[in-house]
Amino acid sequence: MDKQGFTTGIVHGDRIAGSEHGGVRQPIHTSVQYGFERVEDLIGVFQGTKKGGFNYARQGTPTTAALERKITSLEEGVGTVCFSTGMAAITATFLTLLRAGDHLLASRYVFGNTNSLFGTLRTLGVEVTTVDACTIDEVRAAVRPNTRMVFVETIANPGTQIPDLEGIGALCREHGLAYVVDNTITSPALFKPKAVGASLVVNSLTKTIAGHGAALGGAVTDTGLFDWSAYPNIADDYRRSAAREQGLLQIRKKGLRDMGGSLSSEQAHSIALGAETLALRVKQSSDNALALAKFLEGHAAIGKVFYPGLRSHPQYEIAQKLFKGASWLLSFELLNAERMIDVVNALQLPIKATGLADTRTLIIPVAPTIFFEAGAETRKAMGISDGMLRLSAGIEDIDDLLADFAQALKLAA
Ligand SMILES: *Cc1c(COP(=O)(O)O)cnc(C)c1O
């Protein structure tokens, strides 16, 4: 069949790939062990000469493999490795591809736990520097002779900064650097990082792709654009494979087999179910976020609104050019931070919870929770004020959300 549309591919992929008894979805394979009639096949799976075989579930099952095919297709990549969480995927990527003495260049505006992981990498002898990746000159100036990798997120949480994704892609190509893009907030429904030259794409499957807040998972997808044969840190064992398979092979072998952050079949199945409605959910939640952002921007009790779909956003043009929508993530400031507790408690629909990309709208005050440990100084440097609230827009009916915010904000004066 010709190349299909995004959602058509997701909902028919399992069936077309072939499933038992005509099942329209891949079953949940719970075996840890996989046996073979002929021992030659067992040997072949171990040595990688028999493709697509399974031997031990830590390295994958038919169910996780089906999800990997789905993510590969969504990101238009050449392969994917799934993990138990988004953090496991990011950790495996760094630990398997970087060595002591290497330099990792990253955006200053990244997920808090990723930032904390940078600290761990430094204790292992990896140099990590963070820059304002919205400014290509800052990124260019920070490249060192030992730089191996550049890491950015598409839309940062909670400030919604968007890096110069195209400029960094060109810079990485020029210097032969691996370009890793965390696509969690946008997801392939809004943006495919391959379009800006990404080498590897990370998705926390927990968030936009599953969308139901009922499973944890992560994935790393190779776009096929990077020449791993020129990358110094690939072990000799993996050099025997085709150049474009080497990076992901090392991530699977070292990151999954040795480090063991494996996704279970049950969770993979649950994520695959959520993924079927990815494009529909993201359309609705992004429309909701835009309507809320416009309402909040015009409200007397609100200061800054951070949302890339607003003309006032510094990277509005980039979002318009590269993304199909500005996503479900928005943040805003209550002018009177002292009213925050009462305002948030007055909201009836948004759930007071951490977490992102649920079907239900979630709200959290940023400074006293997710950025509490960071301290006042870091918060100031990152532009996080005491009155900042982060909203993950759900798929509720927009009139209900607008009415709820209108009544709660009456307490904001
Ligand atoms: C949540 C998140 C992660 C980590 O994902 P988990 O599945 O929760 O481990 C990584 N990157 C971004 C941008 C995230 O929002």
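As recorded by an unreviewed UniProt entry, the protein chain carries the name Cystathionine gamma-synthase family protein and is attributed to Paraburkholderia sejongensis. The UniProt entry for the protein chain carries the following comment under Cofactor (unreviewed entry): "pyridoxal 5'-phosphate". Its UniProt record, at the heading Sequence similarities (unreviewed entry), says of the protein chain: "Belongs to the trans-sulfuration enzymes family."

Before going further, it helps to examine the overall build of the protein chain. Counting its regular elements, the protein chain contains 17 helices and twelve strands. For the protein chain, the spread of C-alpha atoms along the principal axes amounts to about 75 × 55 × 40 Å. Counting over 413 residues, the protein chain shows a buried share of 53%. In the protein chain, the share of contacts with a sequence separation of at least 24, taken over all contacts with a separation of at least 6, comes to 70%. Total accessible area computed for the protein chain in this model is approximately 17800 Å², and 53% of it derives from carbon and sulfur atoms. Of the side-chain charges in the protein chain, 40 are positive and 42 negative, and the distance between the mean point of each set is 3 Å.

One number sums up the size of the largest pocket: a volume of about 1300 Å³. Considering the residues around the largest pocket, the lining is formed by 36 residues, among which Lys51, Gly52, Leu249, Arg252 and Lys253 are closest to the centre. Counting residues per element, the ones that place at least two in the lining of the largest pocket are helix 2 (39-47), helix 3 (62-74), strand 1 (79-83), helix 10 (236-239) and helix 11 (246-258). Estimated volume of the second largest pocket: approximately 680 Å³. Taken together, 29 residues make up the lining of the second largest pocket; nearest its centre are Phe111, Gly112, Asn113, Ile370 and Phe371. Those elements that place two or more of their residues in the lining of the second largest pocket are helix 5 (112-123), helix 9 (205-209) and helix 16 (375-381).

Let us look at the side chain of Thr206. Of note, Thr206 is situated in helix 9. From its side chain, Thr206 meets the backbone nitrogen of Gly217 in a polar contact 3.1 Å long. If near-sequence neighbours (up to four positions away) are discounted, Thr206 is found in contact with Gly211, Ala215, Leu216 and Gly217.

Following both chains from N to C, one finds helix 3 and helix 12 (residues 265-275) inclined at 35°, their axes separated by 8 Å at the closest point. Relative to helix 12, the crossing made by helix 3 is left-handed. Every residue of helix 12 that contacts helix 3 at Thr63, Thr64, Leu67 and Lys70 is listed here: Ser265, Ala268, His269, Ile271 and Ala272. Residue composition of the contact of helix 3 with helix 12, by class: four nonpolar, four polar and one charged.

A side chain with one charge may pair with a side chain of the opposite charge, provided their charged atoms come close. A complete count under the given rule lists 18 salt bridges for this structure. With a closest N to O distance of 3.3 Å, Asp102 and Arg148 form a salt bridge. Of this pair, Asp102 sits in the loop between helix 4 (86-97) and strand 2 (103-107) while Arg148 sits in strand 4 (residues 147-153), placing them 46 residues apart in sequence. Residues Arg257 and Asp258 are paired through a salt bridge, measuring 2.8 Å at the closest nitrogen-oxygen approach. Looking at Asp258, the relative accessible area reads 44%, which means it is partly exposed. Among the ionic contacts, a cluster of salt bridges with common partners joins Arg38, Glu40 and Asp41.

For the rest of this paragraph, the subject is the sheet that holds strand 12 (residues 388-392). Taken in spatial order, the five strands make up an open sheet running 8-9-12-11-10, and their pairing is mixed. This sheet does not close on itself; its edge strands, each paired only once, are strand 8 (302-306) and strand 10 (351-352). In this structure, strand 8 lies alongside strand 9 (residues 329-334), joined through three bridges in antiparallel fashion. Residue Phe306 lies in a different strand from strand 9, and its bridge partner there is Ser331. Those strands touched by helix 13 (residues 278-297) are strand 8, strand 9 and strand 12, and its axis lies near 15° from that of strand 9.

Turning our attention to the sheet that holds strand 2. An order of 1-7-6-5-4-2-3 is seen for the seven strands of this open sheet, with the pairing classed as mixed. Each having just a single partner strand, strand 1 and strand 3 (127-131) make up the two edges of the open sheet. Taken over all neighbouring pairs, the strand axes of this sheet differ in orientation by 20° on average, direction set aside. Summarising the sheet, strand 5 (residues 178-182) and strand 6 (residues 200-204) pair through three bridges and their orientation is parallel. When the bridges of strand 6 are listed, Asp182 appears paired with Val202. Along the sheet, helix 3 contacts strand 1 and strand 7 (218-222); its crossing angle with strand 1, the most-contacted strand, is approximately 125°.

What follows deals with the pairing of strand 1. Extensive coverage of strand 1 is indicated by the burial of five of its five residues. Alternating positions in strand 1 separate into two faces, Gly79, Val81 and Phe83 on one and Thr80 and Cys82 on the other, with burial throughout. As defined by bridge partners, strand 1 adjoins strand 7 across five bridges and the pair is classed as antiparallel. Paired with Val81 across the two strands is Val220, which belongs to strand 7.

Axis angle and axis distance: for two packed helices, these are the angle between their axes and the distance between the axes, and together they describe the pair. Running from N to C, helix 4 and helix 5 cross one another at 30°; their axes reach a closest spacing of 11 Å. For the element pair helix 4 / helix 5, the angle class is roughly parallel. Between helix 4 and helix 5 the crossing geometry is right-handed. Residues Met87, Ile90, Thr91, Phe94 and Leu95 of helix 4 touch helix 5, and the partners they reach there are Asn113, Thr114, Leu117, Phe118 and Leu121. For the contact of helix 4 with helix 5, the per-class residue count stands at seven nonpolar, three polar and no charged.

Cut-offs used in this document
Residues numbered from 1 in each chain as written. Predicted model: local features only at pLDDT ≥ 70, side-chain atom pairs only at ≥ 80, totals over all residues. Heavy atoms only, no water. UniProt positions renumbered as here; feature names shortened; annotations may be inferred. Helix = DSSP H or I, 4+ residues; strand = E, 2+ residues; numbered from the N terminus. Buried < 20%, exposed > 50% of the residue type's maximum accessible area, 1.4 Å probe, protein only. Contact = heavy atoms within 4.5 Å. Areas by Shrake-Rupley, 256 points an atom, 1.4 Å probe, with all protein chains shown as cover. Lys, Arg positive; Asp, Glu negative; His and termini not counted. Charge placed at Lys NZ, Arg CZ, Asp CG, Glu CD. 1 Å grid on protein atoms, 1.4 Å probe; cavity = no way out; pocket = protein on both sides within 12 Å on 5 of 7 lines; lining within 4 Å. Points joined across faces, edges and corners; volume = space filled by probe spheres on them. Polar contact = N/O pair within 3.5 Å; in protein donor to acceptor, adjacent residues only side chain to side chain. Axes fitted to C-alpha atoms, helices over the stretch in contact; angles between N-to-C directions. Left-handed = near helix turned anticlockwise from the far one by under 90°. Nonpolar A, V, L, I, M, F, W, Y, C, P; charged D, E, K, R; others polar. Salt bridge = Lys/Arg side-chain N within 4 Å of Asp/Glu carboxyl O. Pairing = 2+ DSSP bridges. Parallel < 35°, antiparallel > 145°, perpendicular 65-115°, else oblique.

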